[in-house]
Amino acid sequence: MNVLIYDTEEQIGIAAGNYMCGQVLAKPNSVLGLATGSTPLKPYNHMIRLYEQGAVDFSKVTTFNLDEYCKLDVEDKNSYHSFMHENLFVQALLGDPAFLLFDEPTVGLDPEERIHFLDGNAADLEAECKRYEESIRAAGGIDIQLLGIGSNGHIAFNEPSDSFQRWTHVVSLKESTIQDNSRFFNTIEEVPTQALTMGIGSIMQAKRILIIALGEHKAKAIKQVISCNVTP
Ligand code: PGA
């Protein structure tokens, strides 16, 4: 494990964006595991900047997102589908400003083939989790997984619990996470109470993992990670 400490979010964004793009330069058809939240915003900005400068080409990349809320319309601004399209995909992956998330022309590209999300509105959520695991395997596994970490130590929506949930699963969100995430919604009642998330086992199968923590409120969780005292 390498631990790098930076003074500013700007520096972290550049370092992390470079690292993700370095993976794509080394292997153009990389499978990227992507995250949402405020943590990856600056890394995504830097990836877009490099793309715009012609330094990296994402056209052969495949992506899998870590998690998605249940029972939230994908077109809702708080869905992770919307987040990714707004903050990375529209600019960087498809490289065509005409591309929009829903029912818009994609100029010969099939985003469904390369951009993967969990469907939190699937009729059978357990089957959806299985489908996702199978898709990751079929794509050859994740080359690099980008992660944030919650103030309570959660990774994706793997909330603190008594045991590790290995594979992609349905989760009931902890009060502290609902509280944390309520800043994006009008009221706390609007925050979904369930989500689908890749499990710790799915995440740990990534060939490389880049975990980013911003801010003092993450310090306690990070101290435990660095001291290898990793618990469910
Ligand atoms: P944040 O969330 O990036 O918005 O801090 C990270 C997380 O909860 O995993």
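How each quantity is defined
- Within any chain, residue numbers begin from 1 and follow the written order of that chain's sequence.
- A pLDDT threshold of at least 70 governs which residues receive local features in this predicted model, and a stricter bar of 80 or more applies before side-chain atom pairs are shown or counted, although totals over entire chains, interfaces and linings include all residues.
- Note: side-chain values were computed over all heavy atoms of the structure, leaving out hydrogens and water.
- Helix and strand assignments follow DSSP, with helices taken as H or I runs no shorter than four residues and strands as E runs no shorter than two, numbered in order from the N terminus.
- Any two residues whose heavy atoms approach within 4.5 Å at even a single point are treated as in contact.
- Here, Shrake-Rupley sampling with a 1.4 Å probe gives the accessible areas, and only protein chains in the shown set may cover a residue.
- We treat Lys and Arg as the positive residues and Asp and Glu as the negative residues; His and chain ends play no part in the count.
- Note on charges: their place is set at NZ of Lys, CZ of Arg, CG of Asp or CD of Glu.
- To be near a molecule or strand, a residue needs just one of its heavy atoms within 4 Å of it.
- Here a polar contact means two N or O atoms within 3.5 Å. Within protein one must be a hydrogen donor candidate and the other an acceptor candidate, and residues neighboring in sequence count only if both atoms are side-chain atoms.
- Throughout this entry, Asp, Glu, Lys and Arg are counted as charged residues, while Ala, Val, Leu, Ile, Met, Phe, Trp, Tyr, Cys and Pro are counted as nonpolar. The remaining residues, Gly among them, count as polar.
- Should DSSP find at least two bridges between two strands, the strands are regarded as paired.
- Salt-bridge detection follows one rule: a side-chain nitrogen of Lys or Arg within 4 Å of a carboxyl oxygen of Asp or Glu.
- Burial status follows relative accessibility: with a 1.4 Å probe on protein chains alone, a residue under 20% of its type maximum counts as buried, one over 50% as exposed, and anything between as partly exposed.
- For every element, the axis is a line fit to its C-alpha atoms; helices are fit only across the contacting stretch, and the angle between N-to-C directions ranges from 0 to 180 degrees.

Summing up its helical and strand segments, the chain has 8 helices and 8 strands in all. Principal-axis analysis of the C-alpha atoms gives the chain an extent of 45 × 45 × 35 Å. For the chain, long-range pairs separated by at least 24 residues make up 75% of all intrachain contacts whose partners lie at least 6 apart in sequence. Accessible surface computed for the chain: about 12,000 Å², of which carbon and sulfur atoms make up 52%. Here the chain holds 18 positive side-chain charges and 31 negative ones, and the gap between their average locations is 9 Å.

Residues in contact with the ligand, as listed here, are Gly37, Ser38, Thr39, Gly148, Ile149, Gly150, His154, Arg183 and Lys218. Between an oxygen atom of the ligand and a side-chain N or O atom of Thr39, the distance comes to 2.5 Å. Within the complex, 83% of the 280 Å² of free accessible area of the ligand lies under protein. Residues of the shell around the ligand, tallied by class, amount to 1 nonpolar, 6 polar and 2 charged.

So, on to the sheet that holds strand 5 (residues 144-147). Taking strand neighbours across the sheet as the criterion, the 5 strands line up as 4-2-1-5-8 in an open arrangement whose pairing is parallel. Two strands lie at the open edges of the sheet, namely strand 4 (115-116) and strand 8 (208-211), each paired on one side alone. Relative to strand 2 (residues 62-65), strand 1 (residues 31-34) runs parallel, the two being bridged by 4 bridges. Its bridge partner being in strand 2, Leu34 is matched across the sheet by Asn65.

Right, let's get into the pattern of salt bridges. Oppositely charged side chains can form a pair if their charged atoms are brought close together. Here the structure, examined in full by the defined rule, presents 3 salt bridges. Here Asp143 and Lys207 are joined by a salt bridge, their closest N and O atoms 3.3 Å apart. Here Asp143 is found in the loop between helix 5 (125-138) and strand 5, whereas its partner Lys207 is found in the loop between helix 7 (200-204) and strand 8, with 64 residues between them in sequence. On the accessibility criterion, Asp143 (4% relative accessible area) is buried.

Our focus in this paragraph is the sheet that holds strand 7 (residues 194-197). The 3 strands are arranged 3-7-6 in an open sheet whose pairing can be described as antiparallel. A single partner strand is all that each edge strand has here, and the edge strands are strand 3 (67-69) and strand 6 (169-172). The sheet shows a mean angle of 25° between the axes of neighbouring strands, taken without regard to direction. As paired strands, strand 3 and strand 7 are joined by 3 bridges and run antiparallel to one another. Bridging from a neighbouring strand, Glu68 pairs with Leu196 of strand 7. Sitting on the sheet, helix 5 touches strand 6 and strand 7, and the angle it makes with strand 6 is about 125°.

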